[in-house]
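Residues per chain, in single letters:
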Number of protein chains: 2
Amino acid sequence: MREFILRASKTVTTPRFNLNDLPGSAGRMDLVCRCISNALWISNDLRRDTVIHVVLEGPDRPPKLVSFNGKELRNVSPDERNIASHIRIALRKGYNLKLGEKAFVWPGIEIAKRSFESLVKEKSGTSQLIYLHPKGKDIREVEFDENVCIVLGDYIGMPRACERLLERLKA
Amino acid sequence: MREFILRASKTVTTPRFNLNDLPGSAGRMDLVCRCISNALWISNDLRRDTVIHVVLEGPDRPPKLVSFNGKELRNVSPDERNIASHIRIALRKGYNLKLGEKAFVWPGIEIAKRSFESLVKEKSGTSQLIYLHPKGKDIREVEFDENVCIVLGDYIGMPRACERLLERLKA
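From a predicted model like this one, the values you see are computed outputs, not experimental measurements.

What counts as what
- Residues numbered from 1 in each chain as written.
- Chains lettered and ligands numbered in written order.
- Predicted model: local features only at pLDDT ≥ 70, side-chain atom pairs only at ≥ 80, totals over all residues.
- Heavy atoms only, no water.
- Contact = heavy atoms within 4.5 Å.
- Salt bridge = Lys/Arg side-chain N within 4 Å of Asp/Glu carboxyl O.
- Helix = DSSP H or I, 4+ residues; strand = E, 2+ residues; numbered from the N terminus.
- Nonpolar A, V, L, I, M, F, W, Y, C, P; charged D, E, K, R; others polar.
- Axes fitted to C-alpha atoms, helices over the stretch in contact; angles between N-to-C directions.
- Parallel < 35°, antiparallel > 145°, perpendicular 65-115°, else oblique.
- Least-squares fit on C-alpha atoms with pLDDT ≥ 70 in both.
- Buried < 20%, exposed > 50% of the residue type's maximum accessible area, 1.4 Å probe, protein only.
- Lys, Arg positive; Asp, Glu negative; His and termini not counted.
- Pairing = 2+ DSSP bridges.
- Phe/Tyr/Trp six-rings, centres within 6.5 Å; stacked < 30°, edge-to-face > 60°.
- Lys NZ or Arg CZ within 6 Å of the ring centre and 35° of its normal.
- Patch = residues over 30% accessible without salt bridge, like charges linked within 9 Å, V, L, I, M, F, W, Y side chains within 5 Å.
- Areas by Shrake-Rupley, 256 points an atom, 1.4 Å probe, with all protein chains shown as cover.
- Polar contact = N/O pair within 3.5 Å; in protein donor to acceptor, adjacent residues only side chain to side chain.

Undergrad: Mind showing me how you'd approach the interface of chain A and chain B here?
TA: Often, the extent of an interface is quoted as the loss of accessible area on bringing the components together. Contacts between the two partners involve 13 residues from chain A and, on the opposite side, 13 residues from chain B. Applying the counting criterion to the chain A and chain B interface returns zero salt bridges. For the side of chain A that touches chain B, the elements supplying multiple residues, two or more each, are α1 (29–40) and α2 (80–93) of chain A. A per-element tally of the side of chain A that touches chain B places α1(A) first, with four residues. Partitioning the side of chain A that touches chain B into residue classes produces three nonpolar, four polar and six charged.

Next up, the structure:
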C-alpha cells in the first residue's frame, strides 16, 4: 500500500470556511485539495492502493486528521472545490471529537482528532517512511518497499522538532 | 524550452461561465486549470522555461488558444479558481478576435483565435513533438531534445483525424 501524510500547519479546522476563498481565509485549503487530487486521481480512475492523510493544524480545533482512501472513495470529483466541500463535511462531523476519537464521514473519508507525530510514529512501525525534502536524495534513486509512507510538509516547511522526530524514525 | 499543448474539446469559449461551477457548466474548466497549475507551478516558484497552450473548443466562439508563459507570468496563484478567473479575462478580451488574430491579456498570458491543428503544425517545425497516450512508450525511456512540445488530449481523447495528423508529424 502507498500512503501519504501531509502536514498543513495553517489550514483551518473549523467547517465555517468559504468555498470561494480557499487560498486566503481557509489557510491554503487549495494546496491541501491539490495534494489530495494529485495523490489519488489518475486519468479516468483512482489509485486504489493509495491513502492520503492530511493533518490540519489551523484554528479553531486542531489537530484534525482527515483521511482519503482511494479504495473506498465514491462520488467525489477531482476539482479543488469538490474536495474542499468534502473536507468541510468532515470538519463539521468531527468538530467536537475528543483526542483519539474518530468518525466516519463519507465512503472513503474519515476524520480523527489526532496529531501528526502520533500518526507518523504508528506508520514507522509498518511502512518504509520517506520524508520529501528539497535537499533530499533524488526520489528516482530510492528503492521502495511494498508498504511506503511518504511524508510531506506544506509551503512553510516542517518545524525543527518534527524533523528531528522524523530523523529518529529513520525517515 | 518546454511547451505543452492541451486540447480541451468541451471547455467553453464564452467568458460568461460560473467560477463556482468549473466542472459542470464551464465544460471541465477545472481540468484545464489543473493542467496549467501542474505544468507551471513548483513549490514556491514557477517553471520559467515552460509555456502551456490550451485550445478551448467549447461554445460559443471556438477555437480559442490561451497561452500561459512561465517566464513572464505575474500575480497569478496556482489554485483552480484563480487560474479560471484569468482564463475568463482572456476570453472576455478575445471574444471578438478573427481567425489568426491575437491579443495581450495579462503579463504572461495571451489569447488567439487559432486551431489546435495549426499550432501543432507550427511546433513540429521547431520542437520534438511528443503525444502522451496511455498505450504509448514509457515517458521515462524517452530522450528529450532541448526543445520539447508535449501534446495532451482531455478526458475524451483525441479525434481519430487528429491522431492521424500527429502520426504524420511523427509525434
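Undergrad: What am I meant to see in the packing of helix α1 (residues 29–40) of chain B against helix α2 (residues 80–93) of chain B here?
TA: A packed helix pair is summarised by two numbers, namely the angle formed by the two axes and the spacing between the axes. All names here are of chain B. Contact pair α1 / α2: the axes reach a minimum separation of 9 Å and the direction vectors enclose 105 degrees. Accordingly, the angle class assigned to the pair α1 and α2 is roughly perpendicular. Contacts from M29, D30, V32, C33, R34, I36 and S37 in α1 reach E80, I83, A84 and I87 in α2. Of the residues contributing to the contact of α1 with α2, the split by class is seven nonpolar, one polar and three charged.

Undergrad: How do you make sense of the relation of the copies chain A and chain B when you look at a structure like this?
TA: Its rotation angle being 180 degrees, the transformation that places chain A on chain B also includes 0.0 Å of axial translation and leaves an RMSD of 0.0 Å. Here the copies are linked by what is in effect a two-fold axis. Both copies contact each other with a shared surface, as 100% of the interface residues of chain A are interface residues in chain B too.

Undergrad: What am I meant to see in the side chain of A:D79 here?
TA: Relative to the helices and strands, A:D79 is located in the loop between β5 (64–69) and α2. Salt bridges are absent for the buried A:D79, whose nearest opposite-charge side chain, B:R34, sits at 5.5 Å. Those residues in contact with A:D79 that lie beyond four places of it in its chain are B:P23, B:D30, B:R34 and B:E80.

Undergrad: Could you clarify how one ought to interpret the sheet that holds strand β4 (residues 50–56) of chain A in this entry?
TA: Backbone hydrogen bonds are what pair the strands of a sheet, in a parallel or an antiparallel way. Residue and element names in this part refer to chain A. Strand order across the open sheet formed by seven strands is β6-β7-β5-β4-β1-β9-β8, with mixed pairing between neighbours. In this open sheet, the two edge strands, each paired with only one partner strand, are β6 (102–106) and β8 (128–131). The mean inter-strand angle of the sheet, taken between neighbouring strand axes irrespective of direction, is 20 degrees. Against the sheet, helix α3 (residues 116–126) touches β1 (2–8), β4, β5, β8 and β9 (148–152), its axis set at about 160 degrees to β1.

Undergrad: Just checking my understanding: could you explain the packing of aromatic side chains for this structure?
TA: The relative placement of two aromatic rings is captured by the distance of their centres and the angle of their planes. In total, this model carries zero aromatic pairs over all chains according to the counting rule given. The cationic tip of A:R16 hangs over the ring face of A:Y95; the distance from NZ or CZ to the ring centre is 5.7 Å. A cation over a ring is seen here: B:R61 above B:Y95, with NZ or CZ 4.2 Å from the ring centre.

Undergrad: How should I be thinking about the sheet that holds strand β4 (residues 50–56) of chain B in this particular structure?
TA: All names here are of chain B. In space, the seven strands of this open sheet follow the order β6-β7-β5-β4-β1-β9-β8, with mixed pairing throughout. Because the sheet does not close on itself, it has two edges, and the strands there are β6 (102–106) and β8 (128–131). Across the sheet, the mean angle from the axis of one strand to that of its neighbour is 20 degrees, orientation sign disregarded. The pairing of β6 with strand β7 (residues 109–112) spans four bridges and is antiparallel.

Undergrad: In this structure, what is going on with unusual backbone geometry? I would like to understand it.
TA: Of all residues except glycine, most have a negative phi; of all peptide bonds, most are trans. Along the chain, A:P59 connects to A:D60 via a cis peptide bond; the corresponding omega equals 5 degrees. Considering the arrangement of structural elements, one finds A:D60 in the loop between β4 and β5. Residue A:N75 is not a glycine yet carries a positive backbone phi of 55 degrees. As for its placement among the helices and strands, A:N75 is situated in the loop between β5 and α2. Non-glycine residue B:R28 carries a positive phi angle of around 60 degrees. Within the fold, B:R28 resides in the loop between β1 (2–8) and α1.

Undergrad: Got a minute to help me understand a nonpolar patch on the surface in this structure?
TA: All names here are of chain A. Nonpolar side chains collect at one region of the surface, where L132, I139 and F144 lie side by side and expose about 260 Å² of accessible area between them. Mapping I139 onto the fold places it in the loop between β8 and β9. Given the relative accessible area of 37%, I139 is considered partly exposed.

Undergrad: I tried to follow the environment of A:R48 on my own but got confused; where do I start?
TA: All names here are of chain A. Locating R48 in the fold gives a position in the loop between β3 (45–46) and β4. A C-alpha to C-alpha distance of 9.1 Å links R48 and M1, two positions 47 residues apart in sequence. Among residues more than four places away in sequence, those in contact with R48 are G70, K71, L73 and R74. One polar contact links the side chain of R48 to the main-chain carbonyl oxygen of G70, over a distance of 3.2 Å.

Shape descriptors only; they carry no functional weight alone.
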